[in-house]
There are 2 protein chains.
Amino acid sequence: MANRIALLLLFAGTAFARPKHPTLLLKPADIQVVKEAMGKYPLLDRSYKAVQKTADDAMARPIEVPIPKDLAGGYSHEQHKQNYTAMQAAGQCFTISQDLKYARFVRDMLLQYSTLIPTLKNHPKSRGASPGRLFHQALNDCNWLVYTTQAYDAVYETLTPTERATIETGVFRPLCQFLTVDLKPWFNLRHNHGLWAVTAVGLCGYVLNDRELVQQALLGTEKDGNGGYLAQLKALFSPDGYYVEGPYYARYATLPLFLFAQAIENNQPEQRIYQYGSQLLKKVLYTTLQQTDASGRFYPFNDALKEKDWTSSELVTALSFTFGQYGPDPSLVSVAKEQGRVLLNRGGVQVAQLAAMYAGKEPPFERKSLVLTDGPEGKSGGLTLLRGGPEKEQTSVVFKYTSHGMSHGHFDKLNLMLYTAEREILTDYGAVRFLNVPPKDGGRYLPENDSFGIQTIAHNTVVIDQQSHFGGSEKVAEQNPGEAYFSDLTNPAIQIVSAKSKTAYPGVTLHRTLAMIPDGNRANPLVFDVFRVVSDSLHQVDLPFYYAGQLMSTSFKYEPALTSRVPLGRQHGYQHIWTEARASPAAGTATFTWLNTNRFYSVSTATDANTTILLTRVGANDPNFNLRPETAMILRQNWRTGVFASVIETHGQYDARAETTSGAESQVKQITVLANTPEATVVSIELRNKTRYRLAIANADSQPNQPHQLTVNGQLIQWQGYYQLVSQ
Amino acid sequence: MANRIALLLLFAGTAFARPKHPTLLLKPADIQVVKEAMGKYPLLDRSYKAVQKTADDAMARPIEVPIPKDLAGGYSHEQHKQNYTAMQAAGQCFTISQDLKYARFVRDMLLQYSTLIPTLKNHPKSRGASPGRLFHQALNDCNWLVYTTQAYDAVYETLTPTERATIETGVFRPLCQFLTVDLKPWFNLRHNHGLWAVTAVGLCGYVLNDRELVQQALLGTEKDGNGGYLAQLKALFSPDGYYVEGPYYARYATLPLFLFAQAIENNQPEQRIYQYGSQLLKKVLYTTLQQTDASGRFYPFNDALKEKDWTSSELVTALSFTFGQYGPDPSLVSVAKEQGRVLLNRGGVQVAQLAAMYAGKEPPFERKSLVLTDGPEGKSGGLTLLRGGPEKEQTSVVFKYTSHGMSHGHFDKLNLMLYTAEREILTDYGAVRFLNVPPKDGGRYLPENDSFGIQTIAHNTVVIDQQSHFGGSEKVAEQNPGEAYFSDLTNPAIQIVSAKSKTAYPGVTLHRTLAMIPDGNRANPLVFDVFRVVSDSLHQVDLPFYYAGQLMSTSFKYEPALTSRVPLGRQHGYQHIWTEARASPAAGTATFTWLNTNRFYSVSTATDANTTILLTRVGANDPNFNLRPETAMILRQNWRTGVFASVIETHGQYDARAETTSGAESQVKQITVLANTPEATVVSIELRNKTRYRLAIANADSQPNQPHQLTVNGQLIQWQGYYQLVSQ
């Protein structure tokens, strides 16, 4: 609250003089920098050529401004999208070349829009609370504005006062009115949609020099700081720069985030927006880049499509602005090189310059172990990334105990993903959607996204009684983030993180600890996974491990479903899973080994007389073949309280070309749960080479360095703090 | 027969003087060429370094010559394999560097073998008719000899007469005796094993200067030409250089093929072995390289692992020898570059030199349309490759109507595969095997290879009454190759090939015609598929299309198997297939569309009131999870006589990063079978853009240019020859 008032004060008194255009994203000095750099740096030249091609191609065709009619993928939708891209490109070309043909193109198209827009009611295909005018949803209208304000800004000085008046009255004012008045509640919503909305209106405000619009965009329609850009910034990004919906949508949010910031910087530099939150915007970019696999694809948790990577235009934009504002960073040159383009601004020039300097010898982007908090105050759980192993074959563990993540969140508290370099090993399904593919329901989220994708059983975390976390209620989930418990990334012998959810199920505590431990005999680290479940009453407890690859061997016998298959359950996603085999392993240690590309992987887990193991495949109750046939091993117990103690190994090599195989067998000999009390859980792991590890985890410490002692098998063990690893 | 006598005469009179060593693969002049080229060409230097590293690494460890005990993947097996690789490498290093340490290593190791080998009986783990001594199968003993003869040859001149005598008596003579006497029938067998056996003995013969051994290796143990290298050459390769088992094993056979040829060339150059069969060896290499997808992986028909590609060492060897003997060819430089190494011989130098000259600007390897005959006389059917479309996204159709292909053949007469560049679109399962992966039955062919992989229903060709071709009898299949009917690759409007099998089922003729037709509106050609089935009695007729990718849409309704799945049948592979959906489309045209990577694909087919369509997935009755879950659309009819008339389209673009989709819909409006008589089949195809094609295929012409006339829908159509395409 204090914070909000500070923001109000910060902006309330600001006044700004009538600017010369362009004023939004580039200042005259920036333009000079770009012009002088042209012809010097291949990345910059290539980028300009691409923009020019977009503009020239569009200008070679007659202008078409159709009456809005179609959904995404349809003609009117795609044409309006093409139009805004073309106008933005033409604006940029004019700025650099001063060739008036580009300015005229923007003018002519905007004049056509100025006769269309005032006639529009809500789009005929719109659904829900945020209909659009040019598009079926207001979000796309905001996209349109964010691009066209840039184009208008670029050509502003070439227009007559009458032309300006026509365009402002016919295009920008009605759309701003629509967003801030007709859609007021939506405009003030803290959400990626809201971020786009305030950016659209904010850019209009600056380009029209309308102080009122800018204030509404910055502080919400009531100018009280309950809505607007600053509230969005605060609500959607944690102090570490983690975006509440996860990296897939973080990508999408970075575009308005940076564009509006740059417009503020150019028009109200005294606000020092880039310094806000200890350089929050910089952190957003770095944090988002860290949440990628080795090929730059965003980790696909929550609603996410797996193809999206850091070469997307939003990240190109963020990178150029970040260089421009925070200075060049050699560690990002490899990212820029993969992106293959830069913005035509000061930062873009710096990126291109540095890329030219490194000439292909740039250092690789380094993925580090990181604890990222979630929530405005960093108190709504978080995401931890553990990294280890050789640079080219890095093991990454992604541990998710964030807040729910708004409407695109999944019910996946304490979810685990595991990667080798860019290869998914323990997987998250992501979204059930074929984005913009017309035959798949116009590219929308498919019904199986709700019935499977978001459900807990689609994730590598515990499901109680075949019900999703929070009963599958988004509203309840939103109020109950995961809880960070402890982490230690500085110990050379172990990287460890522990988190809990006490609210996913009434009367049940879920507590998972993940640790990465260098394995002296092998390049890739071992991953320990200790998942404790505590309750007063008996529950069925399922823990899936979705694995990518081909099953190689199991240490246990199973009954395969050879000639008929049935679904695993009836609801909460279980109805989409075929049971392929069922095992009741003996008490001891069960190992499951699979092959992915050129490496073997094993999950070994401590079993008792009541353990059931299910081998499953996704695909039941899928009438339109929308699902991929992903496979899982599911551990099942009936417990009041218990612990799944597992080790995940990366082992061996399979070289199909040379026809050689090594290390196809797991090296885990035995995993034993030595103790599992309210005070602590102690697990011992013995490898075949006689190495033994004993990991003790304090279960309920309220502060660091608490002393513990426990008698295990008649032996007294003692330690101080959240955990102790003993190896011999 | 005349041919065989000519060969006998050719070789019978040949005598050769005691050579100075090395004599097998390199002559002194060659060595000089290599030495002079060192330091000049990166590819050569890199290759030498790699060989040196192999030798040095091995020499840094104590020599181990264990008593044979283990299967592939086990210690003794892998050690003996390492030993022959190390000795060969050390031999090469000595030849180039004259550093005696390499010669001593070879000597010391061979001396150890000379005490081991005379003590050996058959390997304890050997099975079947061709047990080995050092390894579980004689084939591996032959591999061992092929490598170690090279090593012995290289260091021969550094050895004392006593050392030579010890090694020859203890190593080479007993193994040759074993192969030519104990395993005489196997040695004379025409098979890739036989080719390795004769090469092993032939190289021994030359290096020991033993005329008798050489003669046996060239002409068989009886020296009558019924066995031996020349009989192998004749039996296994067609006049076009097609290898009877297909490209996966062609790769394996090329190694002994070229090594023995070079030894003959060096020791009996008057035989002009490289000119044999109009330069057959050269044709073998080029033909094998053509049978690859755009990433160089061999087409995986018959028993084949999909990972194998032209970078394998066998193809490196073949390429270097081919350059050395037939001269440099710029069209192969890109292949060499991908291989990343060359042999240390005259040809290898030429490859490295040309690669350095092109310095990364070498032309891409060009995949062409080709008709390849199979069989010693080119009369046992064949394989046709149709290529079309843009260079980077080339469409390749692989049409297989070869002979059975010996023990690794599949029952897949008239099988079809389709690729876009390196991406499998209509797929062949290949072998059910995880080569050299110990947990998968020691890397052997798995039981599902027999029960599914080789069966007809695992392939994109017709199955009658749920029985495999030839009742699944390899013996019967071997006697009944496919029949080439006609082909025309020279018509710019159409590439067309037609083949038959009259023997796969008693009383049934299978006749498939495939055509590639440029599509004016799209980059990739249309593929027409006309599969005619003729019989006197009623049969169930299934035609699967195994597709890689995700189902997008169907033009027909189907009943999905939502909550239970059962296998499609009981035997001949059907027991491994789950039925996922079943459709009875209306008479007309049924279209099935899927997405693979960034393109859409459709199979459209003419249907009648009795057509059934099944959507299936592999995986039933697979207790050890050995199978991949491949998907198919299966057309089913009950016919005496009928024709499946289908069109396969490549269409549209899906760009997941840019979130754009185009052309997701099939453009085929209607396919109609206008006529299907003993004389001809006529099919009409209408696209949505009004383009119409009419393809007439003469069904039983015995010679080209026969005149045809037919009344179709009251219209008289006339043409001359095997086919007519009319488009409007």
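Our subject in this report is the structure included herewith. This is a predicted model, so every value here is computed, not measured.

**Some remarks on the sheet that holds strand β25 (residues 723-727) of chain A**
Residues and elements named next belong to chain A. The antiparallel open sheet is built from four strands, whose spatial order is β20-β21-β22-β25. Whereas interior strands pair on both sides, the edge strands pair on one side only; in this sheet they are β20 (668-676) and β25. The sheet shows a mean angle of 10 degrees between the axes of neighbouring strands, direction not considered. As paired strands, strand β21 (residues 680-687) and strand β22 (residues 692-698) are joined by seven bridges and run antiparallel to one another. Bridging across to β22, A680 finds its partner in A698.

**Details of the packing of helix α3 (residues 42-59) of chain A against helix α4 (residues 75-97) of chain A**
Residue and element names in this part refer to chain A. Where α3 contacts α4, the axes come no closer than 8 Å and their chain directions differ by 120 degrees. With respect to α4, the axis of α3 lies oblique. Of the two possible hands of crossing, α3 and α4 adopt the one that is left-handed. Between α3 and α4, the contacting residues are Y48, V51, Q52, T54, A55 and A58 on the first element and T85, A86, A89, A90, Q92, C93, I96 and S97 on the second. In the contact of α3 with α4, the residues fall into nine nonpolar, five polar and no charged.

**Comments concerning the interface of chain B and chain A**
Across the contact, 53 residues belong to chain B and 55 residues belong to chain A. Where chain B packs against chain A, one counts two salt bridges. With a shortest N-O distance of 3.2 Å, B:E659 and A:K308 are connected by a salt bridge. Here chain B is connected to chain A by 17 residue pairs in polar contact (both at pLDDT 80 or more).

**Some thoughts on unusual backbone geometry**
Residue and element names in this part refer to chain A. In this chain, H21 is followed by P22 through a cis amide linkage whose omega measures -5 degrees. With respect to the helices and strands, the residue P22 is situated in the loop between α1 (2-12) and α2 (28-37). One non-glycine residue, N209, lies in the positive phi region at around 55 degrees. Relative to the assigned elements, N209 resides in the loop between α9 (192-207) and α10 (211-219). Positive phi, normally seen in glycine, also occurs at F470, with a value near 55 degrees. Mapped onto the elements of the fold, F470 is located in the loop between β6 (463-464) and α18 (474-478).

**Here we look at the pairing of strand β8 (residues 494-505) of chain A**
Residue and element names in this part refer to chain A. Extensive coverage of β8 is indicated by the burial of ten of its twelve residues. Sheet topology note: the strand β7 (residues 483-491)/β8 ladder contains six bridges and is antiparallel. Paired with F486 across the strands is S498, a residue of β8. Where β7 hands over to β8, the hairpin turn is made up of two residues, counted between the paired strands. As paired elements, β8 and strand β9 (residues 508-517) share eight bridges and run antiparallel to each other. Paired with S501 across the bridge in β9 is L510. Here β8 folds back onto β9, and the loop between the two strands holds two residues, one of which, G507, carries a positive phi near 75 degrees.

**Quick look at the pattern of salt bridges**
Tallied over the full model, the rule gives 58 salt bridges over all chains. Counted as one network, the salt bridges with shared partners bring together A:E393, A:E422, A:R423 and A:R599.

Calculation rules
Residues numbered from 1 in each chain as written. Chains lettered and ligands numbered in written order. Predicted model: local features only at pLDDT ≥ 70, side-chain atom pairs only at ≥ 80, totals over all residues. Heavy atoms only, no water. Pairing = 2+ DSSP bridges. Helix = DSSP H or I, 4+ residues; strand = E, 2+ residues; numbered from the N terminus. Axes fitted to C-alpha atoms, helices over the stretch in contact; angles between N-to-C directions. Parallel < 35°, antiparallel > 145°, perpendicular 65-115°, else oblique. Left-handed = near helix turned anticlockwise from the far one by under 90°. Contact = heavy atoms within 4.5 Å. Nonpolar A, V, L, I, M, F, W, Y, C, P; charged D, E, K, R; others polar. Salt bridge = Lys/Arg side-chain N within 4 Å of Asp/Glu carboxyl O. Polar contact = N/O pair within 3.5 Å; in protein donor to acceptor, adjacent residues only side chain to side chain. Buried < 20%, exposed > 50% of the residue type's maximum accessible area, 1.4 Å probe, protein only.

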